[in-house]
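Per-entry structural report
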Amino acid sequence: MIVAFSVSPSAAEEDGGVSEAVARAVKVVRESGLPNSTNAMFTNIEGQWDEVMDVVKRAVEAAGEGSSRVGLVLKADIRPGYEGQLTAKVERVEKHLSE
């Protein structure tokens, strides 16, 4: 499965941003060893259901350190029997664009 998620704690930085909290969440994801990518809006992670959800839970907890509330947006692509789709899906689109 691939999960795209975004976390945002209620306690923002002085400038209203949440980059420090998001960095804590992304660190958890990167240290998980699962395939992942981060862009301006979401962090994507690929793996089996239980391992992905465990990482998301720990990432939310890390982002929420020092905050009484955390918002989570999560979208999942559940496709049993497929792996490597984090990059393969993009490669298929790029192939069509190059034709």
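Anything mentioned here points back to the structure above.
Another point: empty space enclosed by the protein. Evaluation of the coordinates by the stated rule reveals 1 cavity of 30 Å³ or more. Each pocket or cavity is described by its volume, and for the largest cavity that value is around 50 Å³. Considering the residues around the largest cavity, the lining is formed by Met1, Ile2, Glu46, Asp77, Arg79, Tyr82 and Gln85. Of the residues belonging to the lining of the largest cavity, the class tally is 3 nonpolar, 1 polar and 3 charged.

What follows is about the nonpolar core. Note that soluble globular proteins tend to have their nonpolar side chains buried in a common cluster. In terms of nonpolar packing, the biggest core is built from 17 residues, with Val3, Phe5, Ile45 and Val52 touching the most fellow members. It is helix α2 (residues 49–63) that provides the largest number of residues to this core, a total of 7 residues. Ignoring sequence-local partners within four residues, the contact set of phenylalanine 5 consists of Val29, Phe42, Thr43, Ile45, Val56, Ala59, Leu72, Val73 and Leu74.

Next up on the list: the sheet that holds strand β1 (residues 2–9). Strand order in the open sheet formed by 4 strands is β2-β3-β1-β4, with antiparallel pairing between adjacent strands. On the outer flanks of this sheet lie β2 (36–38) and β4 (70–77), each paired with one strand and no other. Sheet twist, expressed as the average angle between the axes of neighbouring strands with direction ignored, equals 15°. Strand direction decides the pairing type here: β1 and β4, joined by 8 bridges, are antiparallel. When the bridges of β4 are listed, phenylalanine 5 appears paired with leucine 74. Against the sheet, α2 contacts β1, β3 (43–46) and β4, and its axis sits at roughly 15° relative to β1.

Here is what the cut-offs are and how they apply
- Residues numbered from 1 in each chain as written.
- Predicted model: local features only at pLDDT ≥ 70, side-chain atom pairs only at ≥ 80, totals over all residues.
- Heavy atoms only, no water.
- 1 Å grid on protein atoms, 1.4 Å probe; cavity = no way out; pocket = protein on both sides within 12 Å on 5 of 7 lines; lining within 4 Å.
- Points joined across faces, edges and corners; volume = space filled by probe spheres on them.
- Nonpolar A, V, L, I, M, F, W, Y, C, P; charged D, E, K, R; others polar.
- Core = buried A, V, L, I, M, F, W, Y, C linked by side-chain atoms within 4.5 Å.
- Buried < 20%, exposed > 50% of the residue type's maximum accessible area, 1.4 Å probe, protein only.
- Helix = DSSP H or I, 4+ residues; strand = E, 2+ residues; numbered from the N terminus.
- Contact = heavy atoms within 4.5 Å.
- Pairing = 2+ DSSP bridges.
- Axes fitted to C-alpha atoms, helices over the stretch in contact; angles between N-to-C directions.

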